[in-house]
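Here is what each chain is made of, one letter per residue.
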Amino acid sequence: MLKKIAFLALTVMAACSSPADRLALTAAPSSLELRPLVRSAMVRTVSLPTYAAAEEIAVESPSGLISANANILWADDPQRAVTLALSDTLGDILNTDVGPDPWPFVGLPDVAIDIRVTQMLAGADGMFRLSGQFFVGGDGINFPNSAHRFAITQPMADLGLSSIANAQAAALLVLSEDIARTLAR
């Protein structure tokens, strides 16, 4: 009986709490068009820091602490959303088959791109920072393995949600264009 009452109380509390608002990551379009050196490329699931991989939108406080509001969440899993945004943008820039991991096509892609983000954060100073490394390696063809560091900073109008989302999309666009240049003639 006690278990039933506890279950009922939890159910009522869950029903009374309002759902969190969600913010979608929308990829920024690129005007860059390059001739690819490859016919296909796979973007491995992007590795994000714990705070950036969480559903809550992380923001740096003036004291340097990273905080998040549990009432406002990303609309999609951040790792999935970032991976898909980069895949889509790279495919558009290179006009070739670019897909996320797991590889959606038959056979191996010509190259695999592994992106490891060390910082993806809206700073208290009004700047959005995206930094880390990306690695390109030949899977289906003889393509030279390479490692590249990136440190991208985008200004934000304010620390509002749309400013954060726009700055993040702009930073991911810059990263996509940098990666595309390593795969182009």
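Since this is a predicted model, take the numbers as computed values, not measurements.

**Topic: the overall build of the chain**
The helix and strand tally for the chain stands at 4 helices and 8 strands. Across the chain, helices and strands are ordered from the amino to the carboxyl terminus as α-β-β-α-β-β-α-β-β-β-β-α. The dimensions of the chain, computed from C-alpha atoms along their principal axes, are 65 × 40 × 25 Å. Across the 185 residues that make up the chain, the buried fraction comes to 42%. Pairs at least 24 apart in sequence give 70% of the contacts found in the chain among residues at least 6 apart. Here the chain has roughly 10,200 Å² of accessible surface; of this, 55% comes from carbon and sulfur atoms.

**Concerning the pattern of salt bridges**
This model, assessed by the stated rule, comprises 6 salt bridges. With a closest N to O distance of 2.8 Å, Arg22 and Glu55 form a salt bridge. Within this pair, whereas Arg22 is found in strand β1 (residues 21–23), its partner Glu55 is found in the loop between α2 (50–53) and β3 (56–60), the two being separated by 33 residues in sequence.

**So, the nonpolar core**
The nonpolar side chains of a soluble globular protein tend to be buried with one another. Judged by nonpolar contacts, the single largest core of 47 residues is most densely connected at Ile113, Ile115, Phe128, Leu130, Leu175 and Leu183. For this core, the secondary structure elements donating two or more residues are β2 (40–43), β3, β4 (66–74), α3 (78–94), β6 (111–122), β7 (127–138), β8 (146–155) and α4 (161–182). The element contributing the most residues to this core is α4, with 10 residues. The residues touching Leu130, leaving out its near neighbours within four places in the chain, are Val117, Gln119, Met120, Phe150, Ala151, Ile152, Ala171, Leu172 and Leu175.

**Digging into the side chain of Gln154**
Within the secondary structure, Gln154 is located in strand β8. Once residues lying within four places of it in the same chain are set aside, the contact partners of Gln154 are Gly126, Met127, Phe128, Ala167, Ala170, Ala171 and Val174.

**Comments concerning the side chain of Gln168**
With respect to the helices, strands and loops of the structure, Gln168 is situated in helix α4. Given a relative accessible area of 4%, Gln168 falls into the buried group. When near neighbours in sequence (up to four residues on either side) are disregarded, Gln168 contacts Leu25, Trp74, Val82, Met120 and Phe128.

**Brief notes about the packing of aromatic side chains**
By convention here, two paired aromatic rings are described through the distance between centres and the angle between planes. For the structure shown, the criterion picks out 2 aromatic pairs. With a centroid separation of 5.0 Å and an interplanar angle of 70°, the aromatic rings of Trp103 and Phe105 are classed as edge-to-face. By relative accessible area, which is 42% here, Phe105 ends up partly exposed.

**Re the environment of Thr50**
If you trace the backbone, Thr50 turns up in helix α2. Considered as a pair, Thr50 and Thr182 are 132 residues apart in the sequence and their alpha carbons are 28 Å apart.

**Concerning unusual backbone geometry**
Residues Asp101 and Pro102 are joined by a peptide bond in cis, for which omega reads 5°. Tracing the backbone shows Pro102 in the loop between β5 (97–100) and β6. Despite not being glycine, Asn95 has its phi angle at roughly 50°, a positive value. With respect to the helices, strands and loops of the structure, Asn95 is situated in the loop between α3 and β5.

Cut-offs used in this document
Residues numbered from 1 in each chain as written. Predicted model: local features only at pLDDT ≥ 70, side-chain atom pairs only at ≥ 80, totals over all residues. Heavy atoms only, no water. Helix = DSSP H or I, 4+ residues; strand = E, 2+ residues; numbered from the N terminus. Buried < 20%, exposed > 50% of the residue type's maximum accessible area, 1.4 Å probe, protein only. Contact = heavy atoms within 4.5 Å. Areas by Shrake-Rupley, 256 points an atom, 1.4 Å probe, with all protein chains shown as cover. Salt bridge = Lys/Arg side-chain N within 4 Å of Asp/Glu carboxyl O. Core = buried A, V, L, I, M, F, W, Y, C linked by side-chain atoms within 4.5 Å. Phe/Tyr/Trp six-rings, centres within 6.5 Å; stacked < 30°, edge-to-face > 60°.

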